[in-house]
Amino acid sequence: MAKNVAVVIQEDPRITHRPVEALRIALGLVAGSHSTTVILLGEAVRLLSSDSDDIVDLDILEKYLPSIEQLEIPFILPKVFDLSELSGKFSIRCESEDTVAAVIQSMDCALVF
């Protein structure tokens, strides 16, 4: 049975490989039958930014981004993020902290990185 899954990424991709790995996991969930939404908090928004030179595992991230963009995986970002800094055409909506919390609570499962 398909589930609604939130992949919440809050770690800094300049410090650890976990944010890139979380995107890989989200891509795998989308390839199955799960409805998956990726929520980027704090420095994790750098995963979609054009300023990505200092991201750990950048070479791996660059392999996944075209598929993520093509599959139109939905992203939720904080309202404070400047969308002009994106490196591609991703399916993004910016929401308040309260709305982000409500989305996470409405999911069947949440994976937090």
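Calculation criteria
- Residues numbered from 1 in each chain as written.
- Predicted model: local features only at pLDDT ≥ 70, side-chain atom pairs only at ≥ 80, totals over all residues.
- Heavy atoms only, no water.
- Helix = DSSP H or I, 4+ residues; strand = E, 2+ residues; numbered from the N terminus.
- Buried < 20%, exposed > 50% of the residue type's maximum accessible area, 1.4 Å probe, protein only.
- Polar contact = N/O pair within 3.5 Å; in protein donor to acceptor, adjacent residues only side chain to side chain.
- Contact = heavy atoms within 4.5 Å.
- Core = buried A, V, L, I, M, F, W, Y, C linked by side-chain atoms within 4.5 Å.
- Expected span 1.5 Å × (residues − 1).
- Bend = angle between axes of the 7 residues up to and from the residue.
- Pairing = 2+ DSSP bridges.
- Axes fitted to C-alpha atoms, helices over the stretch in contact; angles between N-to-C directions.

Draft legend 1. Geometry of the side chain of T16. Mapping T16 onto the fold places it in the loop between strand 1 (4-9) and helix 1 (18-31). Judged by its relative accessible area of 16%, T16 falls in the buried class. Here the side chain of T16 touches R18 through a polar contact of 3.3 Å, landing on its backbone nitrogen. If near-sequence neighbours (up to four positions away) are discounted, T16 is found in contact with E11 and V56.

Draft legend 2. Main features of the nonpolar core. With 28 residues, the main nonpolar core has V7, I9, V38, L40 and F75 as its most contacted residues. Of all the elements in the fold, those that place two or more residues in this core are strand 1, helix 1, strand 2 (35-40), helix 2 (58-70) and strand 3 (74-78). Membership of the second largest hydrophobic core comes to 7 residues, among which are A6, I76, V100 and M107.

Draft legend 3. View of helix 1. Look at helix 1: 20 Å from first C-alpha to last across 14 residues, which is about the 20 Å you get at 1.5 Å a residue. Where helix 1 is buried, its residues contact strand 1, strand 2, helix 2, strand 3 and strand 5 (109-112).

Draft legend 4. Fine view of helix 2. Taking 1.5 Å per residue as the helical rise, helix 2 with its 13 residues ought to reach 18 Å, and the 19 Å between its terminal C-alpha atoms agrees with that figure. Along helix 2, the largest kink reaches about 30 degrees and is centred on Y64; proline P66 follows within four residues of it. Contacts from the buried residues of helix 2 go to helix 1 and strand 3. The positive-phi residue at the C-terminal boundary of helix 2 is E72, with phi of around 55 degrees.

Draft legend 5. Examining the sheet that holds strand 5 more closely. Across the sheet, 5 strands lie side by side as 4-3-2-1-5; this open sheet has parallel pairing. Edge positions in the open sheet fall to strand 4 (91-95) and strand 5, since each of these has one partner strand only. In this sheet, neighbouring strand axes are inclined to one another by 25 degrees on average, regardless of whether the strands run parallel or antiparallel. In the sheet, strand 1 pairs with strand 2 via 6 bridges, with the strands oriented parallel. Its bridge partner being in strand 2, A6 is matched across the sheet by T37.

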